[in-house]
Amino acid sequence: MPEQLESHVDLGSLPKEERLARMRHSAAHVLAEAMVELFPDAELGIGPPIDTGFYYDFRLPRSLTPDDLTWLEDRMRKSVKGKHPYRMAAITKAEAEQQWKDQPFKLDLLSEIEEGNVTQCTHAAFTDLCRGGHVNHTGEIGAFKLTSIAGAYWRGSERNPQLQRVYGALFETPEELAEYEHQLEEARRRDHRRIGKEMKLFELFDEVGPGHVVWLPNGATIRRELMRWMEDLEIELGYLHVVTPNVSKRQLYVKSGHWDHFHESMYPVMERDDEEYVLRPMNCPSHIMVFAAELHSYRELPMRIAEFGNMHRWEKSGQVTGMSRVRIMTLNDAHIFCADVEQVEAEVEGVLHLMEKVYGTLGLKNYRYRLSLGDPENKEKYVDNPPMWERGEALLRRVLNKVGLEYFEAKDEAAFYGPKIDVQFMTAQGKEETLVTVQVDFHFPHQFGLEYVGEDGERHEPIIVHRGVISTMERMVALLIEEYEGNFPLWLAPQQAVVIPIADRHIEYANEVAAQLKAHRLRAEVDARGERMNAKIRDAQLRKVPYMLVVGDREAEAKSASLRVRGGGDVGAVPVADIAERLRKERDDKSLTLWA
Ligand SMILES: [Zn+2]
Ligand SMILES: [Zn+2]
């Protein structure tokens, strides 16, 4: 007889986290119970709790369908009504192997357990191998819903059989579950991958490679607008733009320390003529070479070297997603070479002001500043130089306080060579991600033996501030797509206006109207297809074009257009010259709202 291990849990007394974990894991048992009723030959994998619910892996005689999920969910609800208690029992490993002899994955799990007793859990007529951690009975599992089916390799290894994973969402109350479903729907609606495809902004091809973004003309237009704007802002602020190679000798990154600290995230080495070359993972060493090209005087500092530089990082294939996590990216990068700590403070302050200005113009609000510190205990991950770290950290804290930005501190988040300020954004998926950073660096100047001639005529070591502002173009455009749900403000919209002739005889006038807009460098086009007017308007709305100018006999006569605004607003007939002027101004002002 198995030994019964019964104990009542007072769920109310547990921390919410643990209570939820128990509910979620218990629900996975109920899912497995339902599954073996649907497929008596189902082979069972494992069923753990996860952040938003639970899953269970199965090998089944056929692929599951959405109808199966509905059936399984109904069957689970029946089990919930039955309030079946979860009973733990201990049996010997030998007994378990006998009992689970037809279940290869369970046998695999058992093979890793030492001799002795193993535990099982039974509710209703269903038994599973299990270490425990349940609610008292099935009536206590909370509000749940089966959400999706996915493929998953046994133990996450491609060498193992592929199983079908059924996911469920589970929360304590129906209200919390509804809130979660609402968030999911919102995330789906805003998902940059879906919108990017619909608006033909970018594409990812298997034959090009995962994380290697192909920017289509529409996406490249948004990218170009952002880059021109940033370059203009930087020129005003005294940045010097440079162009440096994507490929350098490996030795450059050995010297910088990237090779030591970072080579696992780099593309493999290329060998030719007895030399080793690598794709650059960061632009810092390239900009350091720009500074080192000649001996500078203190009068030239701070020297702000900027570039939209390409970086190449071997992100794990499981982590590459859409445009937000890619392997080749273009960063709005700059390295500011400062003479002393006073200059560093002023420059970091300037960068923070620039960030506030840029994010304000883009209408971004969902972000906060993080002061990211090193970890003096971790000599592997970080350069071992405690006084240097203290100096950098104190300095950044001082500037943040001076500028008066709210921030929080986080240990063990620094770059390997120094502390940094990170701009943390909340994505549509509800995840906080680092968009850009400002770093103070006493390390590279030393590493590269950088010098400048001081006021005293002596050689001194500069300090470098590394900074991004609008991040990589890939991440920023992904963020903007989600922020705007594809409804870009006029200045960024790939097509700014579509002129729609009512009949073929109006095409000529439509071309004139478009030419008038183009004369103001507005991106206007004529939809001369043989479609009905309403279909063309609907099409332009789907493509999220800000303005539609409908033209017929009356408009041609009056040199006007009937103006419609993305999202439904109908302004009525307006002289074309006025439309052009108004749109030009709206674009130049980088207005976040359209003609109301
Ligand atoms: Zn269990
Ligand atoms: Zn850098």
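Source: prediction; values computed, not measured.

Reading the values: rules and limits
- Per-chain numbering applies: the sequence of each chain, read as written, is numbered from 1 onward.
- As a convention, the first chain written is A and the first ligand written is 1, with the rest following in written order.
- Selection of residues for local features in this predicted model requires a pLDDT of at least 70, selection of side-chain atom pairs for listing and counting requires 80 or more, and totals for whole chains, interfaces and linings are taken over all residues.
- Only hydrogens and water are set aside; all other atoms, that is, all heavy atoms of the structure, feed into the side-chain values.
- Each metal's donors are the N, O and S atoms found within 2.8 Å of it, except that Na, K and Ca use a 3.2 Å limit; water is left out, so coordination can look incomplete.
- The rule is simple: four donors are tetrahedral if all their angles sit between 85 and 135 degrees, four are square planar and six octahedral if opposite donors span more than 155 degrees and the others lie between 65 and 115, and anything that fits none of that is irregular.
- Only DSSP runs of H or I reaching four residues or more are called helices, and only runs of E reaching two or more are called strands; each is numbered from the N terminus.
- Burial status follows relative accessibility: with a 1.4 Å probe on protein chains alone, a residue under 20% of its type maximum counts as buried, one over 50% as exposed, and anything between as partly exposed.
- Any Lys or Arg side-chain nitrogen found within 4 Å of a carboxyl oxygen on Asp or Glu counts as a salt bridge.
- Domain extents, as shown, originate in an automatic or database domain assignment.
- Put simply, buried Ala, Val, Leu, Ile, Met, Phe, Trp, Tyr and Cys residues joined by side-chain atoms within 4.5 Å make one nonpolar core.
- What makes two residues a contact is simply this: any of their non-hydrogen atoms within 4.5 Å.
- Strands are labelled as partners when DSSP assigns at least two bridges between them.
- A fitted line through C-alpha atoms serves as each axis, taken over the contacting stretch for helices, and the angle formed by two N-to-C directions is quoted from 0 to 180°.
- By definition, the crossover connecting two strands over a helix is right-handed if that path, from the first strand to the second, turns clockwise as seen with the strands pointing away from the viewer.
- Two rings from Phe, Tyr or Trp (for Trp, the six-membered ring) form a pair when their centres are within 6.5 Å of each other. A pair whose planes differ by under 30 degrees is stacked, one over 60 is edge-to-face, and the rest are tilted.
- Sitting over a ring, as applied to charges here, requires NZ of Lys or CZ of Arg to be within 6 Å of the ring centre and within 35 degrees of the ring normal.

### A word on the coordination of the zinc ion (ligand 1)
- Bound to the zinc ion (ligand 1) are the protein donor atoms His25 (NE2), His29 (NE2), Cys130 (SG) and His134 (NE2), situated 1.9 to 2.1 Å from the metal.
- Bound by four donor atoms, the zinc ion (ligand 1) shows angles of 97 to 127 degrees at the metal and therefore tetrahedral coordination geometry.
- One chain supplies every donor for the zinc ion (ligand 1), spaced along it as H-x3-H-x100-C-x3-H. Of the two residues, His25 is situated in helix α1 (residues 16-38) and His134 in the loop between β7 (126-129) and β8 (143-153); the sequence distance between them amounts to 109 residues.

### Observations concerning the environment of Ala346
- Along the chain, Ala346 turns up in helix α11 (residues 341-362).
- Since its relative accessible area comes to 44%, Ala346 is described here as partly exposed.
- Separated by 159 residues in the primary sequence, Ala346 and Ala187 place their C-alpha atoms 39 Å from one another.

### Quick look at the pattern of salt bridges
- What the rule picks out here adds up to 48 salt bridges.
- Among the salt bridges present, the one from Lys16 reaches Glu176, with a minimum N-O distance of 2.7 Å. With a gap of 160 residues between them, Lys16 in helix α1 and Glu176 in helix α5 (residues 174-190) connect regions that are remote in the sequence.
- Sharing partners across several salt bridges, the network here consists of Lys16, Arg19, Glu172 and Glu176.

### Focus: the domain arrangement of the chain
- The domain boundaries assigned to the chain delineate domain 1 (3-184), domain 2 (198-484) and domain 3 (497-588).
- Between the C-alpha centres of domain 1 and domain 2 there is a distance of 45 Å.

### Let's talk about the nonpolar core
- One finds Leu226, Tyr359 and Leu362 to be the most contacted residues of the largest nonpolar core, which totals 96 residues.
- Not counting residues within four places of it along the chain, the set of residues in contact with Leu362 comprises Leu226, Trp229, Ile470, Met476, Leu480, Tyr484, Trp491, Leu492 and Leu592.
- Grouped together as the second largest cluster of nonpolar side chains are 41 residues, Val9, Val80, Ile91 and Val118 included.

### Examining the coordination of the zinc ion (ligand 2)
- Coordination of the zinc ion (ligand 2) by the protein involves Cys284 (SG), His335 (NE2) and His466 (ND1), with metal-donor separations of 2.0 to 2.3 Å.
- Read from N- to C-terminus, the donor residues coordinating the zinc ion (ligand 2) fall into the pattern C-x50-H-x130-H. Of the two residues, Cys284 is situated in helix α10 (residues 284-292) and His466 in strand β25 (residues 463-472); the sequence distance between them amounts to 182 residues.
- Looking at Cys284, the relative accessible area reads 4%, which means it is buried.

### What to know about the sheet that holds strand β21 (residues 420-426)
- Strands sit in the order β12-β17-β18-β25-β22-β21-β19-β20 across an open sheet of eight strands; the sheet is mixed. Both edges of this open sheet fall to β12 (239-241) and β20 (407-410), since each of them pairs with a single strand only. Strand after strand, the sheet turns through a mean of 30 degrees between neighbouring axes, direction not considered.
- Bridge analysis of strand β19 (residues 367-372) against β20 gives four bridges, and the strand direction is parallel. Each bridged residue has a counterpart across the sheet, and for Arg370 the counterpart in β20 is Phe408.
- Sitting on the sheet, α10 touches β17 (303-312), β18 (328-338) and β25, and the angle it makes with β18 is about 40 degrees.
- Helix α12 (residues 386-403) contacts β19, β20, β21, β22 (432-441) and β25 of the sheet and is inclined by roughly 150 degrees relative to β19.

### Considering the pairing of β19
- Counting buried positions along β19 gives five out of six residues, so the element sits mostly inside the fold.
- Sheet analysis places β19 next to β21, joined by six bridges and oriented antiparallel. Its bridge partner being in β21, Tyr367 is matched across the sheet by Phe425.
- Each parallel crossover has a hand, and the one from β19 via α12 to β20 is right-handed.

### Regarding the environment of Ala524
- By the element assignment, Ala524 lies in strand β27 (residues 524-526).
- Ala524 sits in the buried class, given a relative accessible area of 9%.
- Considering only alpha carbons, one finds Ala524 and Gly45, 479 residues apart in sequence, at a separation of 57 Å.

### Let's talk about the packing of aromatic side chains
- This structure, assessed with the given rule, holds 16 aromatic pairs.
- When the centroid spacing of 4.7 Å and the interplanar angle of 20 degrees are considered together, the rings of Tyr56 and Phe58 count as stacked. Just as Tyr56 is buried, Phe58 falls in that class too.
- On the numbers, 5.4 Å between centres and 75 degrees between planes, the contact of Tyr484 with Phe488 is edge-to-face.
- Tyr484 gets classed as buried once you look at its relative accessible area, which sits at 12%.
- Overall, the relative accessible area of 1% leaves Phe488 in the buried class.
- Within the aromatic cluster, the residues linked to one another by ring pairs are Tyr359, Tyr367, Tyr369 and Phe425.
- The ring of Trp100 is capped by Lys106, whose NZ or CZ atom sits 5.9 Å from the centre of that ring.
- Geometry around Phe408 places Arg368 over its ring, the cationic atom sitting 3.8 Å from the centre.

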